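Here is how the chains run, residue by residue.
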Amino acid sequence: MKEAERAQALFEAFADGFLGPLLEGREVQLTRMLGPGLLTHFTFAQTAESEVDAAIYERLHALASRHAPVRALTYPSRETRAFAMALHDLIALTDPLLDRLFARRARPRVVAFVRGLLAETSAPRTRGEVLARHVICDRALALKRRDIVVTNWAYTYRFFGRPVPRNVVAMPRLRRVKQREQEHSLLELFSELDSEALPLNSLLEAVLARSPFTRLTHFSLSHAPLFDLATLAMLEDASLRQGLIAELGPMDEAVVMTRLGIELWKLRLWAHAPARLLSAASTFVLEMGLSLLLRREPPKLTGTNASFELGLALSLPAAAQRTQRLWPVLSKIDDERARDGARKWAEWASDVPLKEAENILSLASAGADLERAS
Amino acid sequence: MTPDARGVLLGDRGLLLFPSLDRLVAFLRAYAEQDSLDELLVSLKIRQLVTPLKTREAMLSCTAESSYRMDKLASVARLSGGLCFTGTSRHFVRYRDAASPLGYDVAELAQEAADLIVYDQAYQQSYSFERDLDLRALLLRLDPVPTAANRREAPPRLFVTAETGVGGAITGYLFRWGVDAKVALAEWPPESAFDDRGTRLYVFDITSPPARITTLLASLPGVKVYAPDGPNVAVELGFHHPVSLTSCQSLFSTNSLTLLPSRGDARQIAPLPAFAPVESLVRADISQDGKPRARMGKPSKRVLEAALPLRLAPSSDAWRNVVATIVPSSQIDWLARMVYALPSDALRSLRIAFGEGGEVYLHDPNGIEGVPLGEFASEVAPRIYVPAGFSLVPAVSSDVLLGLLKDRGDAHIFFTHGAAEPSRVPDQAFREATRALLHEISTRVVSAAAPQQEPPLGLFDYAEARRLPLFALPGVKESASESAEGDEAEK
């Protein structure tokens, strides 16, 4: 078989077995490792059955539209395919059969594959790119592996993430066959298998850096700064901010606001932080706080430890009212409840965070105006 | 060869190559089922080819236009045993396939003296043109095939050809039964010098033919019945052409009619002769003595005045248009029970009105036989009813009856026994029986949640286990040590 035919066969298996079922919620079948050398072929390739590509696109569009209105997704694009291939290889790295005598030396090369593919993926620049990557990444992170242990009267067989052959479970009564099933989520596998030779968590961090929406919605997985230049384009998009708020809304308010406060404070301490980024990030934290205040039952924070960072995040609405900064956000909200709630939060957080919040807002709005004017 | 917007290599024309003519016909059949052949006809060429070793093949070529058209042509051609090429002038290369999604090109053009040269991955082949084939002639050479019994439908229009001996009789028959039909006489020249004269046939164009007349005509010797397959072409009833003719209507000119019998040659009538309604051709009696039949009368000076009442009289005629019934008040309970037993079709069109005397008027334009209650009434004129089995005397026509009841508006008039005057029920009094008879339905709130829309996320399975996971992987350069291990493993 020629090189091009083998590459096309791999692409068919990737699209039909991995990407399609991943988006449709069916059982996902991984294929062979996908190196960066395949990327050019994968960028232009189409499946033999045109319905597969069309179904992937439709499903991608439908899932992306749940977070924000999307008019046109740029799919298939080189970067989205590289991102999906990197995710595929990252999942395949958890295969226990890679830890065998001859297979073991493939691991560092597959790690290099993932890094190489991610190097081909830059920060997303459009709403469609942000959401396409988020949809793929978010569903991939929710995958599970089924581990089956089959015992008969003489032997024990283990099938981790592979179907059980028929002959192993044939004649169950005669051979006294028993099966035990267990499911492990992908994130459990990552934390369990992470080691110096197999840096799964650092690879996951690198993947999340290319999908800022997923990184914000799964903020507990990432230790790197959440607000960086890769997130700038996303945070400046009002629809994406609303999509993020809708995703973060059901989570524990204190945890979310504490992490957002920490990230805002990191940005404030970053000497070279662009003012536009500071403005976009504080607008996002402010909108998040206002969405909590405008709920039917605003969260009560009694019993929560008043850390400085939580106080900073919660003081933003009151600081915005007092300084009249970021007025476009506030002008949307003229609700008495929001004003009362913001005041109560600021009282609860004490003066120091409020002062800092006011500083951040004035820096952000002044700097952003200046950048826009220039 | 230039790449189009999708990057696919395309020449000016597309070329489909078939090993034989029947494969080409199979392609036309398959393509016409899903797309219009008319779009291809502008640039279509069909030729028979011959190789230097005198093997005969068939080709079909048309302008390539876009890779979407070529994709469709290539997929149908592959299905019907053909190959797809694209190119310009006389050089054609293989069109794209799964192995090379952007197409193929050649490094060097062959210099052979040939009408056509095709280049594939493994070979190149030159051809000479043997002869051109006309698509219309090709289609007319194909015999219609019988239509399966379960797919036969009553056509809304028919063309019928009849020999001159029975043509007149059929004209009279169609006139007597009031069928909407037109007739023309078509003539064809003699086929050979041995025929003493040409063929003459009556051609009938029948609109909405009743099924029994269609069956009768189809069974008559000397008569053939054709169902239209497009505006200018018709195929014998019970058969259909192997290629969908509706997709290539531009082959048949507008001022002609092509008839395709199940056996024998197609008959073409061009230009179309004049069609005349059958009513105008039935025989009329004309007196020969030259005297006009109408006798001249003079107006009478005596004024005739009379006011005769209409009466009901028993009639031995069959019951017709029984569409209403009057249910007396004593039978209302029965009616209520009956409503529960009525089928949904009968209930849907049933309308009801309640009279002042407690009687109920039921009206169903599809026939009232489903409600066996009360006194049935036949509709003798629009919205005028007499008891079934009776007729009005004097036997006035419906026009006269309508004229006598000028002031009735939109009301329904019911003539009944024993009543001096007929009853008048306004049309607004009628309502749908189901709405009039049933109570409004009250609902009970049940708390329910929508089912989970998102399917549960799937599990994942690893790929097939390999001893050397990266061995012979495309796009990966193997290191020397691994390929050595691979060789050992293969040994």
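Anyway, here's the lowdown on the structure attached to this text. In this text the structure is predicted, and so the values were computed from the model without any measurement.

Some details on the overall build of chain B
Moving on, step 1. Counting its secondary structure elements, chain B contains eleven helices and 30 strands.
Moving on, step 2. Across the 491 residues in chain B, those meeting the buried criterion constitute 40%.
Moving on, step 3. In chain B, 66% of the contacts between residues at least 6 apart in sequence involve partners at least 24 apart.
Moving on, step 4. Put simply, chain B shows about 29,700 Å² of open surface, and 52% of that area lies on carbon and sulfur atoms.

Here we look at the interface of chain A and chain B
Moving on, step 1. Taken together, the contacts link 52 residues of chain A with 34 residues of chain B.
Moving on, step 2. The largest share of the area that chain A buries against chain B comes from Arg32(A), Phe102(A) and Arg109(A), three residues that together contribute 18% of it.
Moving on, step 3. One can count zero salt bridges joining chain A with chain B.
Moving on, step 4. Inspection of the chain A/chain B interface yields twelve residue pairs in polar contact (both at pLDDT 80 or more).
Moving on, step 5. Elements with a minimum of two residues in the side of chain A that touches chain B: α1 (3-24), β1 (28-29), α3 (50-65), α4 (78-92), α5 (106-119), β2 (144-151) and α8 (186-193) of chain A.

What to know about the pattern of salt bridges
Moving on, step 1. For the coordinates displayed, the defined rule picks out 31 salt bridges over all chains.
Moving on, step 2. Here Asp35(B) makes a salt bridge to Lys72(B), at a shortest N to O gap of 2.5 Å. In this pair, Asp35(B) is assigned in the loop between α1 (21-34) and α2 (38-41) and Lys72(B) in helix α3 (residues 67-79), connecting sequence segments 37 residues apart.
Moving on, step 3. Since its relative accessible area comes to 17%, Asp35(B) is described here as buried.
Moving on, step 4. Overall, the relative accessible area of 33% leaves Lys72(B) in the partly exposed class.
Moving on, step 5. Each member of the salt-bridge network shares a partner with another, and the members are Glu79(A), Arg125(A), Glu129(A) and Arg133(A).

Describing the packing of aromatic side chains
All names here are of chain A.
Moving on, step 1. Under the counting rule described, the total for this entry stands at 14 aromatic pairs over all chains.
Moving on, step 2. For the pair Phe11 and Phe42, a centre-to-centre distance of 5.1 Å together with 80 degrees between the ring planes defines the contact as edge-to-face. Of the two residues, Phe11 sits in helix α1 while Phe42 sits in helix α2 (residues 39-44), which places them 31 residues apart along the sequence. For the pair Phe11 and Phe42, a shared accessibility class is recorded, and that class is buried.

Brief notes about the sheet that holds strand β13 (residues 199-207) of chain B
Residues and elements named next belong to chain B.
Moving on, step 1. Spatially, eight strands are ordered β18-β17-β15-β14-β11-β13-β12-β19 in an open sheet, and the strand pairing comes out mixed. Two strands bound the open sheet, and with one partner strand each, they are β18 (267-269) and β19 (276-277).
Moving on, step 2. In terms of strand pairing, strand β11 (residues 157-163) meets β13 through seven bridges, oriented antiparallel. Pairing of Val160 across the sheet is with Phe204, part of β13.
Moving on, step 3. Running at roughly 20 degrees to β13, helix α5 (residues 164-176) makes contact with β11, β12 (181-188), β13 and β14 (223-228) of the sheet.
Moving on, step 4. Together, β11, β13 and β14 form the strand contacts of helix α6 (residues 211-219), whose direction differs from that of β14 by roughly 130 degrees.

Regarding a negative patch on the surface
Moving on, step 1. Judged by side-chain charge, Glu191(B), Asp195(B), Asp196(B) and Asp265(B) come together as a negatively charged surface patch.
Moving on, step 2. For Glu191(B), the location among the structural elements is in the loop between β12 and β13.

Details of the environment of Phe113(A)
Moving on, step 1. When you line up the elements, Phe113(A) lands in helix α5.
Moving on, step 2. With a relative accessible area of 8%, Phe113(A) lands in the buried category.
Moving on, step 3. Residues Phe113(A) and Gly35(A), spaced 78 residues apart in sequence, show a C-alpha to C-alpha distance of 5.2 Å.
Moving on, step 4. In contact with Phe113(A), not counting residues within four places along its chain, are Met33(A), Leu34(A), Gly35(A), Pro36(A), Asp89(A), Leu470(B), Leu473(B) and Val476(B).

Looking at the packing of α1(A) against α3(A)
Residue and element names in this part refer to chain A.
Moving on, step 1. Direction vectors running N to C along α1 and α3 enclose 30 degrees, while the axes themselves pass 9 Å from each other. In terms of orientation, α1 lies roughly parallel with respect to α3. The hand of the α1/α3 crossing is left-handed. The residues of α3 that touch α1, namely those facing Ala15, Asp16, Leu19, Gly20, Leu23 and Glu24, are Val52, Ala55, Ile56, Arg59, Leu60 and Leu63.
Moving on, step 2. Grouping the amino acids of the contact of α1 with α3 by side-chain chemistry returns eight nonpolar, one polar and three charged.

Conventions we followed
- Residues numbered from 1 in each chain as written.
- Chains lettered and ligands numbered in written order.
- Predicted model: local features only at pLDDT ≥ 70, side-chain atom pairs only at ≥ 80, totals over all residues.
- Heavy atoms only, no water.
- Helix = DSSP H or I, 4+ residues; strand = E, 2+ residues; numbered from the N terminus.
- Buried < 20%, exposed > 50% of the residue type's maximum accessible area, 1.4 Å probe, protein only.
- Contact = heavy atoms within 4.5 Å.
- Areas by Shrake-Rupley, 256 points an atom, 1.4 Å probe, with all protein chains shown as cover.
- Buried area = accessible area lost by both parts, 1.4 Å probe.
- Salt bridge = Lys/Arg side-chain N within 4 Å of Asp/Glu carboxyl O.
- Polar contact = N/O pair within 3.5 Å; in protein donor to acceptor, adjacent residues only side chain to side chain.
- Phe/Tyr/Trp six-rings, centres within 6.5 Å; stacked < 30°, edge-to-face > 60°.
- Pairing = 2+ DSSP bridges.
- Axes fitted to C-alpha atoms, helices over the stretch in contact; angles between N-to-C directions.
- Patch = residues over 30% accessible without salt bridge, like charges linked within 9 Å, V, L, I, M, F, W, Y side chains within 5 Å.
- Lys, Arg positive; Asp, Glu negative; His and termini not counted.
- Charge placed at Lys NZ, Arg CZ, Asp CG, Glu CD.
- Parallel < 35°, antiparallel > 145°, perpendicular 65-115°, else oblique.
- Left-handed = near helix turned anticlockwise from the far one by under 90°.
- Nonpolar A, V, L, I, M, F, W, Y, C, P; charged D, E, K, R; others polar.

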